[in-house]
Amino acid sequence: MGAGKSTVSEMLAQRLHMPLMDTDLQIETEQGRTVRQIFAERGEAWFRLLESGLLERLAKSSEKMVVSTGGGLPIQPQNRELLAKAGIVIYLQVSAREVLRRLDGDTSRPLLASGDKQARVQDLLAKREPVYQSTADMIIETDGMSPEQIVERIIEQLRKSEQSEGED
């Protein structure tokens, strides 16, 4: 949340000439409701089931695309397995301070809708960080970087990865 997934994935898809799938937007389209409405009406557990179902479909697809997921998607163990099957997993790492700066005034995040936002962000990062790190094929630290710089770093790392695979 606040790492720049939506912006970066859009720019990356354009640079790589690939279609983009944003899992939150796809779920909103399929459900005819916003993520916030789904959380309010059916709860987080239901939303996580929708994410898993969508990810299962994506993992079975042979189409190459850039996929932007919500921050909670990798928390489910079965989703981590599906992500590994689906392709290269990139973790856009961001500090709690940077998340709070980027999301200042943003009221669209259901997990930050109430309470102490700073404590909530720190708690989410503390719980999710180990999962993100163990799931990722590539980790990009994004603090202080523009979306353009992040995309450049990803492309640079993808090229290095392709070169090292070609040497094997």
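For the structure itself, consult the block above.
All residue numbers refer to positions counted from 1 along the written sequence of the respective chain. Predicted model: local features are reported for residues with pLDDT of at least 70 only, side-chain atom pairs are reported and counted for 80 or more only, and whole-chain, interface and lining totals are derived from all residues. Think of the side-chain values as coming from all heavy atoms in the structure, minus any hydrogens and water.

**Quick word on the overall build of the protein chain**
- Secondary structure elements are taken from DSSP: a helix is a run of H or I of four residues or more, a strand is a run of E of two residues or more, and numbering for both begins at the N terminus. Looking only at helices and strands, the protein chain features 8 helices and 4 strands.
- Starting at the N terminus, the α and β elements of the protein chain follow one another as α-β-α-α-α-β-α-β-α-α-β-α.
- On C-alpha atoms alone, the protein chain measures out to a radius of gyration of 16 Å, which is about the 15 Å that the 2.2 N^0.38 rule sets for 168 residues.
- Dimensions of the protein chain, computed from the C-alpha atoms along their principal axes, are close to 50 × 35 × 25 Å.
- Note on classification: 1.4 Å probe, protein chains only; a residue is buried when its accessible area is under 20% of the maximum for its type, exposed when over 50%, partly exposed between these limits. Of all 168 residues assigned to the protein chain, the portion counted as buried reaches 37%.
- Under the convention used here, a 1.4 Å probe and the Shrake-Rupley method define accessible areas, while residue burial counts only the protein chains that appear. When the accessible surface of the protein chain is split by element, carbon and sulfur atoms take 48% of a total near 10,000 Å².
- One finds the centroid of the 22 positive side-chain charges in the protein chain at a distance of 4 Å from the centroid of its 27 negative side-chain charges. In this description the radius of gyration comes from C-alpha coordinates, and the expected globular size is given by 2.2 Å times residues to the power 0.38. Neither His nor the chain termini are counted; the positive set is Lys and Arg, and the negative set is Asp and Glu. In plain terms, the charge of a residue is placed at NZ if it is Lys, CZ if Arg, CG if Asp and CD if Glu.

**Digging into the packing of aromatic side chains**
- Ring pairs shown here join Phe, Tyr and Trp side chains whose ring centres sit within 6.5 Å, with only the six-membered ring taken for Trp; geometry is labelled stacked below 30 degrees between planes, edge-to-face above 60, and tilted in between. One pass over the full model with this rule turns up 2 aromatic pairs.
- Ring geometry for F39 against F47: centres 5.3 Å apart, planes inclined by 45°, an arrangement best described as tilted.
- Measuring from centroid to centroid gives 4.9 Å for Y91 and Y132, while their planes differ by 55°, and the two rings are tilted. Of this pair, Y91 sits in strand 3 (residues 90–93) while Y132 sits in helix 7 (residues 117–135), and the two are 41 residues apart along the sequence. For the pair Y91 and Y132, one class covers both residues: buried.

**Some thoughts on the environment of E152**
- Within the element layout of this structure, E152 appears in helix 8 (residues 147–167).
- It is 17 Å that separates the C-alpha atoms of E152 and Q163, two residues lying 11 residues apart in sequence.
- Any N or O atom pair separated by 3.5 Å or less is treated as a polar contact, with the protein-specific requirement of one donor-capable and one acceptor-capable atom, and with residues adjacent in sequence counted only for side-chain atom pairs. Among the polar contacts made by the side chain of E152, one reaches the side chain of R15 at a distance of 2.3 Å.

**So, the environment of G70**
- Relative to the helices and strands, G70 is located in the loop between strand 2 (66–68) and helix 5 (77–86).
- Since its relative accessible area comes to 8%, G70 is described here as buried.
- Expressed as a C-alpha distance, the spacing of G70 and L50, which sit 20 residues apart in the sequence, is 12 Å.
- Any two residues having at least one pair of non-hydrogen atoms within 4.5 Å are treated as being in contact. The residues touching G70, leaving out its near neighbours within four places in the chain, are K5, T23, D24 and E51.

**Description of the packing of helix 3 (residues 35–42) against helix 4 (residues 44–60)**
- For helices, the fitted axis covers only the stretch in contact; all axes are lines through C-alpha atoms, and the angles between them, taken along N-to-C directions, range from 0 to 180 degrees. Where helix 3 meets helix 4, the axes come as close as 7 Å, and the angle between the chain directions of the two elements is 125°. Between helix 3 and helix 4, the interaxial angle falls into the category oblique. Contacts between helix 3 and helix 4 involve V35, I38, F39 and R42 from the first element and E44, W46, F47, R48 and L50 from the second.
- Tallied by class, the residues present in the contact of helix 3 with helix 4 amount to 6 nonpolar, no polar and 3 charged. For classification purposes, angles smaller than 35 degrees are called roughly parallel, those larger than 145 roughly antiparallel, those between 65 and 115 roughly perpendicular, and all remaining angles oblique. Polarity classes work like this: nonpolar for Ala, Val, Leu, Ile, Met, Phe, Trp, Tyr, Cys and Pro, charged for Asp, Glu, Lys and Arg, and polar for all others, with Gly in that last group.

**Details of helix 2 (residues 23–31)**
- Regarding helix 2, its N-cap is D22, as a side-chain oxygen of that residue lies 3.0 Å from the backbone nitrogen of D24 further along.
- Following helix 2 by one or two positions, G32 adopts a phi angle in the positive range, close to 70°.

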